[in-house]
Number of protein chains: 2
Amino acid sequence: MEQRVSSTPSLSGAQSVDRALSLLSLISYFGDQGATLSELVEQGGLNKPTTRRLLLALIRSGMLEQDSLTRRYYLGEEAYILGTLASRRYGLLQISRDSLTTLSAKTEDTSFLSIQRETSSVCLHREEGTYQIRTHALQAGYRHPLGVGAGSLAILSALQDEEIEAVLEANHSVLVTEYPNLAPSQIRLDIATTREAGFALNPGRILANSWAIGLAIHYPDRRPAGALSIAAIDSRMQAARQVELVALMQVEAKKIEARLAHLQPINGRLKRPIIPVRPGTRIDGAN
Amino acid sequence: MEQRVSSTPSLSGAQSVDRALSLLSLISYFGDQGATLSELVEQGGLNKPTTRRLLLALIRSGMLEQDSLTRRYYLGEEAYILGTLASRRYGLLQISRDSLTTLSAKTEDTSFLSIQRETSSVCLHREEGTYQIRTHALQAGYRHPLGVGAGSLAILSALQDEEIEAVLEANHSVLVTEYPNLAPSQIRLDIATTREAGFALNPGRILANSWAIGLAIHYPDRRPAGALSIAAIDSRMQAARQVELVALMQVEAKKIEARLAHLQPINGRLKRPIIPVRPGTRIDGAN
DNA sequence: CTCTTTGGTCCATAATATGGATCGATATTT
DNA sequence: AAATATCGATCCATATTATGGACCAAAGAG
């Protein structure tokens, strides 16, 4: 009870919901590894009893699950179901899956789909290539500050200049401490190069010899919806092949953008499903 | 403040989180149509200001969005992202997508994937067939009480007898009022038929001439993970073709079950993603 | 065996959520 | 066109609810 701000004029409220969903979001970054209570207390900025109480509420709703043995917390089945249902409005991954398959099949290298989330990019999908040497610097669920990584840089470069500055400022301390090769000034240079070339290149900036090419996917209004990227070892990413890869990616990006244009106006009226269940009927430990 | 139960011994707490997530779940049943505040007040069992306050909290977190014009509420992008990230543990749909494509391609009819959610089944995906006459009784996101519909009946039939009775009891009033052709007693008969035949048949019980066949998908421990189903007009669902369809579906169900067996033990330790963001830093209207 | 760490919980206190009442805006009716 | 109904949204005094320091048990670590 320190966080008094006293400004909250009226509006707002339901702060435990904010906190609980912040925790949920935080947990999502732990991926398959799951999160421990201590980690969540440390990184979530809430104390132990509060954290635990909110986690229990999330578990009750099915959004979260706790491994009874390891005591770790994982996203639950309800999160998966809601996401699947939401995918009809936001189904970038669904729409892009074919393209990722195609890209990895044609190039033999691993391809990725990333999106923006606040000031970071998140990898939504990794499509394995067949080539024997693969970089594992990026996995589904991994997050990096915008500008770090090829897809991430492609997205950042597609933002407006003032947004870019806001992002870089927000990420300043993280960049300086965690990514010595990627100071904000360096990223600004990379953005210029990206815009000029029409694609983003990560020449092993995060992991040596692990190069990648990224291409932004745009909404009809030109805002970035995400980015495709392809990663390989440097020997497979020299100038000539870069051109080939970009050409392939451009074809797929175009396809995705065409489908995206059809996805948005789904707000049309559909028949109502049947809705018998009555929530709000006081959930205790009654499950 | 009527709902005093006074029993809540200790445990529990964070009730607004319960309520908010109940609302979120409720909204998910409205699908592409979105939900209005009034509908949510009516069906959610909470009053208007409370409902609205919780909705605002959900919007702040990105789990929900409100159409600024129609004022309707829809699942938000954050829900989609979380679901995508959770899909590595619960990716039944991902695993089943190929099978649905195959089934619809081979049969020319529309195929579905459904799962259990509490005492209902929810359609996660509808894969269109090419045949000119198609039934639109089932869409992704639609919910029916367990036992209503072919996939739904297949799932119910795969449960244990005592679970079945619990489900039927919970759904009793809904079945009686909403589905005159599907009294609990009728469903019990259908279950017996389903278990004997090895597949579920819906002979136009919900919508005349709209028949469907359902086949349960099992976890390694035999609990149902969901169900495949194929729907068509009755003339395309006579005995001979039923056998053909079931044979095709069994092949696909086997494939899915094999992949499911590999999905579960993903609790392995993976490299940690980078986690710079600090939630819990008081979210107001600051966005 | 003791010390430390981690998961989990208790409970008096204080902060927060609650919902009846109210308001403005947009249909609907007469 | 006026009157009425409906709906979304918000206010604010009240009392229910969340908070977090302190504590406990269990499982490593030394």
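Just so it is clear, the structure is predicted and the values come from calculations on it, not from any experiment. (Residues numbered from 1 in each chain as written. Chains lettered and ligands numbered in written order. Predicted model: local features only at pLDDT ≥ 70, side-chain atom pairs only at ≥ 80, totals over all residues. Heavy atoms only, no water.)

## Looking at the nonpolar core
At step 1: Ranked by size, the top nonpolar core spans 106 residues in total, and within it Leu-40, Leu-58 and Leu-228 of chain A together with Leu-40, Leu-58 and Leu-228 of chain B carry the most contacts.
At step 2: Non-local contacts of Leu-58 of chain A, meaning those with residues more than four positions away in its chain, are made with Ala-20, Leu-23, Leu-24, Met-63 and Leu-64 of chain A together with Val-17 and Leu-21 of chain B. (Core = buried A, V, L, I, M, F, W, Y, C linked by side-chain atoms within 4.5 Å. Buried < 20%, exposed > 50% of the residue type's maximum accessible area, 1.4 Å probe, protein only. Contact = heavy atoms within 4.5 Å.)

## Quick look at the environment of Ala-20 of chain A
At step 1: Along the chain, Ala-20 of chain A falls in helix H1 (residues 15-28).
At step 2: Judged by relative accessible area, Ala-20 of chain A falls into the buried class, the value being 0%.
At step 3: In this structure, the C-alpha to C-alpha distance between Ala-20 of chain A and Arg-53 of chain A, residues 33 residues apart in sequence, is 9.1 Å.
At step 4: Every residue in contact with Ala-20 of chain A, bar those within four places of it in the chain, is listed here: Leu-54 and Leu-58 of chain A together with Val-17 of chain B. (Helix = DSSP H or I, 4+ residues; strand = E, 2+ residues; numbered from the N terminus.)

## Focus on helix H3 (residues 48-61) of chain B
At step 1: Relative to the 20 Å expected for 14 residues at 1.5 Å per residue, H3 of chain B spans 20 Å between its end C-alpha atoms, a close match to the ideal helical length.
At step 2: When H3 of chain B is considered as a whole, its buried residues turn out to be Thr-50, Thr-51, Leu-54, Leu-55, Ala-57, Leu-58 and Arg-60 of chain B.
At step 3: Of the surrounding elements, those touching the buried residues of H3 of chain B are H1 of chain A together with helix H1 (15-28), helix H2 (37-44), strand S1 (64-66) and strand S2 (73-75) of chain B.
At step 4: One or two positions beyond H3 of chain B, positive phi appears at Gly-62 of chain B, with a value near 90 degrees. (Expected span 1.5 Å × (residues − 1).)

## Quick notes on the sheet that holds strand S7 (residues 210-218) of chain A
Residue and element names in this part refer to chain A.
At step 1: If you walk across this open sheet you meet the six strands as S5-S4-S3-S8-S7-S6, and the pairing is antiparallel. Each edge of the sheet is formed by a strand with only one pairing partner; in this case those strands are strand S5 (143-145) and strand S6 (200-203). Strand-to-strand twist across the sheet, computed as the mean angle between neighbouring axes with direction ignored, equals 30 degrees.
At step 2: The pairing of S6 with S7 spans four bridges and is antiparallel. In the strand pairing of S7, Leu-201 is matched with Ile-213.
At step 3: Of the strands in this sheet, strand S3 (110-117), strand S4 (120-127) and strand S8 (224-233) touch helix H5 (residues 92-107), which is tilted by about 150 degrees from S3. (Pairing = 2+ DSSP bridges. Axes fitted to C-alpha atoms, helices over the stretch in contact; angles between N-to-C directions.)

## So, the environment of Ile-230 of chain B
Residues and elements named next belong to chain B.
At step 1: Note that Ile-230 resides in strand S8 (residues 224-233).
At step 2: Given the relative accessible area of 0%, Ile-230 is considered buried.
At step 3: For the pair Ile-230 and Leu-103, spaced 127 residues apart in the sequence, the C-alpha separation amounts to 8.2 Å.
At step 4: In this structure Ile-230 touches Leu-103, Thr-107, Asp-109, Thr-110, Ser-111, Trp-211, Ala-212, Ile-213, Met-237, Leu-245 and Met-249, once residues within four positions along its chain are discounted.

## Re the side chain of Arg-97 of chain A
At step 1: By the secondary structure assignment, Arg-97 of chain A is in helix H5.
At step 2: Of the side chains with opposite charge, Glu-127 of chain A comes closest to the buried, unpaired Arg-97 of chain A, at an N-O distance of 6.0 Å.
At step 3: Leaving out residues up to four positions away in the same chain, Arg-97 of chain A has contacts with His-125 of chain A together with Gln-94 and Arg-97 of chain B. (Lys, Arg positive; Asp, Glu negative; His and termini not counted. Salt bridge = Lys/Arg side-chain N within 4 Å of Asp/Glu carboxyl O.)

## Thoughts on the pattern of salt bridges
Side chains bearing opposite charge may pair, as long as their charged atoms lie close to each other.
At step 1: Under the counting rule described, the total for this entry stands at 24 salt bridges over all chains.
At step 2: Arg-241 of chain A is the partner of Asp-109 of chain A in a salt bridge, and the nearest nitrogen-oxygen pair spans 2.8 Å. One end of the pair, Asp-109 of chain A, is in the loop between H5 and S3; the other, Arg-241 of chain A, is in helix H9 (residues 239-263), and 132 residues separate them in sequence.
At step 3: Overall, the relative accessible area of 19% leaves Arg-241 of chain A in the buried class.
At step 4: Across the salt bridge formed by Glu-78 of chain B and Arg-117 of chain A, the nearest N and O atoms sit 2.3 Å from each other. You can see Glu-78 of chain B sitting in helix H4 (residues 77-90) and its partner Arg-117 of chain A sitting in strand S3, one on each of two chains.
At step 5: Residue Glu-78 of chain B is classed as buried on the basis of its relative accessible area, which comes to 12%.

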